[in-house]
Amino acid sequence: MVWTFQTNAPTTHKEPFTITITVPETEIKAGAEIELKVLMTNTSRHDVPERAIVVANGWGDLSYKYDCNDASGKSVAREVSMDGLVSIGSIPALKSGKSRETSVLLNSVCDVSQPGKYEIQLSRTEPSDPDHRIVKSNKIILTVAPLANNN
């Protein structure tokens, strides 16, 4: 007699890397420049291949998709102009258990010039994943206050 066991336990898929974004302050004045720090950590047991870092007209690493929405949910992500593309070169694969931090001027990838609340999140696919799964960062809520009126 052969016994067959069936399990209905869900299979969990661990992402090969994590993306964590931070800003120095979550409340800023309109017009202030905002440095967005991006920390990518390899959580897999293998190297995560990287792409070349490309800069376009002040943009940062274009291997990420920048999701920026205002309080009504409208996208305020800036369009990428292919004019002025500069390849910085390829960077080595991210080794298992290691992290890499980069910075992006948030104002260059999202229009956060108007007072209000904005939700920011980054995402990217793993270059070697045949299923092209998307890994998303944490979300940041940014509050932009109006400039003081000195009349």
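Just so it is clear, the model here is predicted, and its values are computed rather than measured. (Residues numbered from 1 in each chain as written. Predicted model: local features only at pLDDT ≥ 70, side-chain atom pairs only at ≥ 80, totals over all residues. Heavy atoms only, no water.)

Visitor: Pulling in residues and values, what's your account of the side chain of Ser137?
Guide: Mapped onto the fold, Ser137 is located in the loop between strand 9 (134-136) and strand 10 (140-145). A relative accessible area of 6% means that Ser137 is categorised as buried. Excluding its chain neighbours within four sequence positions, the residues that come into contact with Ser137 are Ile19, Ile21, Gln121 and Leu122. (Helix = DSSP H or I, 4+ residues; strand = E, 2+ residues; numbered from the N terminus. Buried < 20%, exposed > 50% of the residue type's maximum accessible area, 1.4 Å probe, protein only. Contact = heavy atoms within 4.5 Å.)

Visitor: Now, about the environment of Ser123: what can you tell me, with residues and values included?
Guide: Among the structural elements, Ser123 can be located in strand 8 (residues 116-125). You can call Ser123 buried: its relative accessible area is 5%. Along the chain, Ser123 and Asp67 lie 56 residues apart, while their C-alpha atoms are 7.8 Å from each other. Other than its neighbours up to four places away in sequence, Ser123 contacts Ile19, Ser63, Tyr64, Lys65, Asp67, Ile134, Val135 and Lys136.

Visitor: Outline the confidence of the model for the chain, listing residues and values.
Guide: Low-confidence regions, as indicated by low pLDDT, have predicted coordinates that should not be scrutinised in detail. Of all residues in the chain, 74% have pLDDT values of 70 or greater, and the mean over the chain is 80. Mean pLDDT values over the elements of the chain span from 53, in strand 4 (residues 52-56), up to 96, in strand 10. Low pLDDT, under 50, characterises residues 1-11; the stretch is placed with zero contacts to residues that sit more than four places away or in other chains. (pLDDT = per-residue confidence, 0-100.)

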